[in-house]
Amino acid sequence: MSSISFPRAGALARLGNVRIRVRPGTAVPLLIVLLVTVAAVAPGVLTHRSPTAIDIEHTLLPPSLSHPFGTDDSGRDLYTRVIYGARESLGIGLGATGLAMSIALLLGFIAGLAGGLIDVLINRILEVAFAFPVLLLALLLIAIYGPSLTTEIIAVGIGSAPGYARMVRGQVLNVRKAAYVEAAAALGHSRWAVIRRHLFPNAMRPLVAMITLGVGQSIVWASGLAFLGLGVAPPSPEWGALLDSGREYITTQWWLEVMPGLVIVLVALSITSLGRTLQHRLEGAAR
Amino acid sequence: MSTVGEAAVPAASRRPSARRGARTARQILVKVVSAVLVLVAAASVTFFAQLLVPGNRATAILNEQTGRAQLWTPAQLAPVNREFGFDKPLIVQYLNYVGGLFHGNLGTSYTQYRPVTQVIGAELMPSLELTGAALVAAWVLALAVILLTAKRGRFVTALGSTWEALTASLPTYWVGVVLLVVFAVEIRIFPVIGGTSAWGTVLPVLTLAIPLAGFLGQVTRDEFEKVLDQPFITTARTRGMGDTAVRLKHALRHSVLPAITLSGWAMGALISGAVIAENVYGRPGIGQVLVNAVNTRDVPTVSGIVLVVAGVYVIANLLVDIAYALVDPRLRAS
Amino acid sequence: MTRSRFGPLAAAGASALILSALIAGCSSGATGATVASGGTIVQGGTIVYGHEQEPPCLYGGWLQQAYIDRNILDSLVTEANNGSIEPWLATSWTVSSNGLVYTFHLNPGVKFTDGTPLNAQAVAYNFNYWQHGGNSTAQVSMDPYYKSATALNATTVQVTLNKPYLPLLTMISQAYFGIQSPTALKRSAAANCDDPIGSGAFKVQKWIHGQEVILVRNPDYTSWPATALHKGPAIVDEVDWKFLPDPVERYESLVTGETNAIYDIPTVDWSNAEANFQVTQYVTPGKPVSIYLNTSEGIFTDVRVRQAFAYAADRKADVEAAFHGVIPYEGNPSVSRATPGYDAAVAAAYPYDPAKANQLLNEAGWTGRDAAGYRTKDGKELDVRFPYPAGSVVTSEGTSLLEILQQQWKQVGFNVQLIPETQAETFAGDYSTPNSYDAQPWYWTSPSAAILWIVWRPSTKADPNYSNSSFYNNNELSTVIQDGNTSATTAEADQYYGQAQQIIQDNAAAVGLYDQTMSIAVAKNLHDVWLEKSQGEPVFEDAYFAK
């Protein structure tokens with residue numbers, strides 16, 4: 001795999017045994033992800049306004065220097081709302097994917113390693129889970145527990161878990177039969193050591209991109225839930241909620257719908273992009 | 001059920017065909033039985049999950065009928081409880097329900113008084129048409145982008161993969177309403193109210209297909225590029241095969257496997273995910289029926305929809321298995 | 001894997017530019033069809049009407065059902081625009097001097113669309129049907145005044161009451177009291193849900209669930225109301241009653257001409273609509289969208305706190321901002337301005353006065369402040385649990401209004417927690433008990449001030465009133481409302497109703513917000529679509545296309 005060398009422009013970092021050179025093509029997604037992280041952790045750095053500061057004299061203003069994304073129907077600065085919404089949206093993305101991956105790792109590894117009846121049983125459970133429409137899962141959870149950030153994370157997380165579980169199981173089965181694993185076992189390494197040093201990294205490496213894709217997809221999914229009226233309570237500036245409340249204005253004050261949408265797209269895109277880059281690096285280093 | 005990376009089944013080419021026939025028949029039977037079990041399990045889980053939703057079913061029914069949101073006296077609730085059998089023990093209600101399933105009776109909707117099969121049946125076909133067409137369109141889009149842009153120089157490749165990542169990140173409602181405003185209102189090519197006509201289905205199909213195409217494309221692209229690096233491709237090229245032919249005949253076949261697997265899942269997910277497109281374009285569809293049914297605690301309808309979606313998923317995966325076997329020569333019992 | 005330098009950014013940037021250009025191009029101008037007035041009448045044709053919400057059945061006690069039923073069922077009487085009661089199925093009627101017996105004389109020879117004759121027996125059958133659960137909204141509108149209905153002969157039906165009830169005629173003008181064929185009512189619930197049979201200008205041909213109801217012209221229509229704009233059966237052949245829940249799609253369908261009329265114009269498109277279509281706004285009589293305050297438990301048991309809540313936010317300015325001036329502010333929490341007997345003086349109470357609000361809260365003992373600035377008393381915070389039916393009663397603009405109010409209430413020290421209710425929770429009655437909320441917005445439609453009784457009747461153990469969502473049991477109020485309902489003349493009734501409104505307002509049992517309204521926009525080439533006075537139903541029996 002060739003790479004352009006920018007001896008002066010590139011920055012070198014070490015990640016375990018893998019050296020990562022940051023190229024401009026990776027720099028942009030990285031910058032965006034960094035910005036979003038700052039927005040989630042310390043929003044006051046990026047904006048001096050409050051996300052709930054209403055101003056009924058200045059509603060529905062188009063984008064300008066003082067309001068880069070314009071103002072909404074209560075006069076609140078949309079840019080500020082987007083910044084403050086990063087915490088919740090990113091939280092949903094990371095939380096849901098984290099939950100999904102935890103379940104998936106558990107089920108996938110057990111099924112892949114144990115084999116036999118346990119594998120069959122877990123497979124059947126996954127089948128039923130797959131057959132269940134994710135939408136229904138979200139609707140039921142929210143109907144039972146009420147709409148909140150936690151419910152959304154659980155709904156999206158549990159909904160995506162079966163897919164990841166399948167993939168993990170498939171990877172585990174693959175790697176189990178690989179030569180180096182058999183070799184390690186033949187050399188007398190303990191089961192745990194084999195899992196930790198060979199099975200786990202090699203099974204998970206091809207999935208890195210899928211995981212980051214999942215983070216992006218969870219954010220997008222959450223915006224779909226907000227559309228159905230199942231999002232978090234106002235005045236939360238969660239991006240999906242912004243998208244939902246901007247719908248009616250698309251032909252008149254288009255920025256209310258276009259800006260949050262663009263942000264969602266850019267962030268999901270950047271996370272996915274970085275994930276693919278990371279996966280390629282890891283695979284390159286592993287060869 | 002095939003998955004990405006699962007070890008290939010060794011060819012059974014050396015066994016006598018009679019035994020193979022019996023084995024295949026047994027496999028099919030096992031698959032059918034397990035499919036039925038999956039369906040019943042899904043419906044049962046749904047049945048009980050709905051009972052977890054707080055609130056009283058009779059109350060919800062009366063409120064839905066009158067557009068109110070209040071409690072009702074026991075005297076007012078009694079006839080409702082009698083009519084729908086809520087006064088019977090839960091186990092009896094459940095067994096009645098499952099028993100009915102095996103007779104093809106999905107129960108009666110609490111809010112529409114009609115058989116659930118009718119409630120779902122009327123709106124199932126438009127949903128299936130929409131999601132089926134969306135899946136096909138997604139495939140066409142994804143393959144077109146890959147064939148045109150994979151491994152063709154840095155800029156074009158990057159453009160293609162960025163396009164895929166971009167489209168995969170688009171929120172469905174956003175795509176839907178932008179397409180509506182641009183192509184149905186501003187430039188009046190398509191109708192705003194598509195209904196179920198073919199021309200009016202184009203925009204809803206695109207709304208679902210574009211993000212899915214991005215997703216499928218990303219998954220397939222990696223495989224495609226890996227395959228293009230394989231020695232046998234070089235061999236084919238040195239034998240004089242043109243680039244397009246190489247891509248179409250050899251590389252494509254090998255790289256679509258993971259995306260075929262995903263299609264089975266995608267079909268099931270699309271059906272309920274289509275609710276957004278159906279809402280924006282005013283199309284009938286079971287997504288909206290599902291949302292309404294959950295909101296009004298119409299338990300039989302919700303369970304019925306789960307059954308149907310599960311059924312579609314099961315059939316879709318059967319087709320996936322067949323497609324997998326057709327496409328992957330390693331799996332074909334020769 | 002190689003990647004272009006600015007790939008992601010360029011792609012996103014380009015899309016943004018293209019998108020905004022295309023979309024911003026829309027904002028300047030959608031045009032509808034403009035036709036010179038006085039064109040020639042076209043016989044026949046199909047009206048495509050874009051409605052919003054689809055009901056589960058075509059007949060029932062819900063407003064969405066009344067909308068459709070007005071076009072397929074006829075009622076005994078109708079309400080004219082000036083509030084007077086005019087003949088419909090009943091050509092004349094007499095009321096006994098004690099106000100207990102109403103005798104209606106029916107138009108002879110009217111038939112339902114299934115051939116059954118619409119006679120006095122049929123009308124009596126319907127009254128009985130409503131009373132026994134056929135339509136719970138009809139039922140609660142008549143309780144406890146209705147006693148019986150009997151057919152004296154084929155064209156005379158007598159309705160007997162327990163107590164005088166002046167609003168009776170207004171109430172039975174609603175589409176809930178549409179007369180259905182007794183033969184049809186004896187069918188299964190499913191059949192009556194899908195296809196109610198009446199004598200109206202249209203009948204149901206088909207209901208494609210999730211899409212539309214197709215109404216076709218009743219060629220044998222002979223029973224139009226006195227308020228009809230023309231005499232005779234409907235001029236158009238068909239009405240396609242479509243369900244388009246998404247507001248962008250609904251409005252744009254009118255812009256592109258795919259619909260000829262739509263329901264509920266998004267307020268943000270209002271000025272565009274007024275420039276290009278015939279716009280009618282209907283202020284719903286009944287209880288406006290006002291905030292019930294839980295007077296039985298929690299912080300609002302103290303009347304001073306309730307009054308402070310009313311003074312603390314600039315409700316008038318906020319309503320005007322949130323709805324872009326389209327929906328009127330309503331200071332009267334118990335009846336809307338379109339309700340007969342509305343007292344405008346009552347509506348002027350509680351203007352925006354944060355100083356007064358602060359003073360009242362101090363008097364009530366809420367003098368502490370916590371770190372966030374909310375008031376405290378004896379270690380408790382001034383919390384207001386504020387659930388609201390999101391997506392049904394409260395639209396997205398309504399939600400913006402609540403968010404604006406929330407910020408203003410915060411400045412005085414109220415910690416208002418907005419809790420969006422899902423439909424499932426709303427229908428399950430989750431937020432209907434005294435321990436589940438402190439404040440909640442809701443509205444009622446009712447053509448007369450009789451709604452006061454339905455909502456404010458004190459709730460007792462023996463006879464609970466689940467519609468009294470402020471849990472406000474005031475016997476003086478109860479007496480005054482009853483006096484109003486049983487008055488002999490409208491003037492007398494209005495006096496009592498005015499007193500009732502004053503009591504409710506003085507005690508801040510509810511806080512006014514805005515009137516429930518609906519609107520329709522009609523293409524310029526479609527004439528004579530009008531809104532029924534009693535509930536704002538769109539009426540298509542007189543409509544015609546003009547060339």
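(A) Main features of the sheet that holds strand β16 (residues 375-377) of chain C. Spatially, the three strands line up as an open sheet ordered β15-β16-β17 (chain C), and their pairing is antiparallel. Of all strands in the sheet, those with a lone pairing partner are β15 (368-369) and β17 (380-381) of chain C, marking the two edges.

(B) Here's a closer look at the confidence of the model for chain C. All names here are of chain C. Looking at chain C, pLDDT values average 89 and 93% of them are 70 or higher. Low confidence marks residues 23-37, where pLDDT is under 50. Its contacts with residues over four positions away, or in another chain, come to 27 contacts. Confidence estimates for the predicted assembly give a pTM of 0.84 and an ipTM of 0.79.

(C) How the structure looks around the side chain of C:Gln535. All names here are of chain C. Residue placement: Gln535 occurs in the loop between β24 (530-531) and β25 (538-539). Here the side chain of Gln535 touches Tyr176 through a polar contact of 3.1 Å, side chain to side chain. Apart from the residues lying within four places of it in its own chain, the contact partners of Gln535 are Leu63, Ala66, Tyr67, Gln174, Ala175, Tyr176, Tyr282 and Thr445.

(D) Expanded view of the interface of chain A and chain B. Every contact between the two is made by 44 residues of chain A and, on the other side, 49 residues of chain B. Applying the counting criterion to the chain A and chain B interface returns zero salt bridges. For the side of chain A that touches chain B, the elements supplying multiple residues, two or more each, are α3 (116-131), α4 (134-145), α5 (149-176), α8 (208-227) and α10 (255-286) of chain A. Among the residues making up the side of chain A that touches chain B, the classes are represented as 27 nonpolar, nine polar and eight charged.

(E) Inspection of the interface of chain B and chain C at higher detail. Contact residues are listed per partner, giving 52 residues for chain B and 55 residues for chain C. When chain B packs against chain C, close to 4600 Å² is buried across both sides, 64% of that on carbon and sulfur atoms. Summed over the three residues of chain B that lose the most area to chain C, namely B:Arg68, B:Leu71 and B:Ile193, the buried surface amounts to 13% of that side. Taken together, the connections running from chain B to chain C amount to eight residue pairs in polar contact (both at pLDDT 80 or more).

(F) Focus on the packing of aromatic side chains. All names here are of chain C. One pass over the structure, following the stated rule, counts 34 aromatic pairs over all chains. Where Tyr311 meets Tyr350, the ring centres are 5.1 Å apart and the plane angle is 75°; that geometry is what we call edge-to-face. Taken together, the positions of Tyr311 in helix α10 (residues 303-312) and Tyr350 in the loop between α12 (344-347) and α13 (354-363) put the pair 39 residues apart, joining distant regions of the chain. Each member of the pair Tyr311 and Tyr350 is classed as buried. Ring pairing ties together the aromatic residues Phe300, Phe309, Phe386, Trp409 and Phe414, which thus form one cluster. A cation over a ring is seen here: Lys287 above Tyr292, with NZ or CZ 4.1 Å from the ring centre.

(G) Geometry of the sheet that holds strand β26 (residues 544-546) of chain C. Judged by pairing direction, the sheet is antiparallel, and its three strands sit side by side in the order β1-β26-β23 (chain C) without closing on themselves. Of all the strands in the sheet, just β1 (41-42) and β23 (526-527) of chain C have a single pairing partner and so form its edges.

(H) Up close: the packing of helix α17 (residues 475-485) of chain C against helix α18 (residues 490-506) of chain C. Residue and element names in this part refer to chain C. In the contact formed by α17 and α18, the axes pass within 7 Å of each other and the chain directions differ by 155°. With respect to α18, the axis of α17 lies roughly antiparallel. Of the two elements, α17 crosses α18, and the hand of that crossing is left-handed. Counted together, Glu476, Leu477, Val480, Ile481, Asp483, Gly484 and Asn485 of α17 and Ala493, Tyr496, Tyr497, Gln499, Ala500, Ile503 and Ile504 of α18 form the full contact between these two elements. Here the contact of α17 with α18 is built from residues that sort into nine nonpolar, three polar and two charged.

Rules behind the numbers
Residues numbered from 1 in each chain as written. Chains lettered and ligands numbered in written order. Predicted model: local features only at pLDDT ≥ 70, side-chain atom pairs only at ≥ 80, totals over all residues. Heavy atoms only, no water. Pairing = 2+ DSSP bridges. Helix = DSSP H or I, 4+ residues; strand = E, 2+ residues; numbered from the N terminus. pLDDT = per-residue confidence, 0-100. Contact = heavy atoms within 4.5 Å. Polar contact = N/O pair within 3.5 Å; in protein donor to acceptor, adjacent residues only side chain to side chain. Salt bridge = Lys/Arg side-chain N within 4 Å of Asp/Glu carboxyl O. Nonpolar A, V, L, I, M, F, W, Y, C, P; charged D, E, K, R; others polar. Buried area = accessible area lost by both parts, 1.4 Å probe. Phe/Tyr/Trp six-rings, centres within 6.5 Å; stacked < 30°, edge-to-face > 60°. Buried < 20%, exposed > 50% of the residue type's maximum accessible area, 1.4 Å probe, protein only. Lys NZ or Arg CZ within 6 Å of the ring centre and 35° of its normal. Axes fitted to C-alpha atoms, helices over the stretch in contact; angles between N-to-C directions. Parallel < 35°, antiparallel > 145°, perpendicular 65-115°, else oblique. Left-handed = near helix turned anticlockwise from the far one by under 90°.

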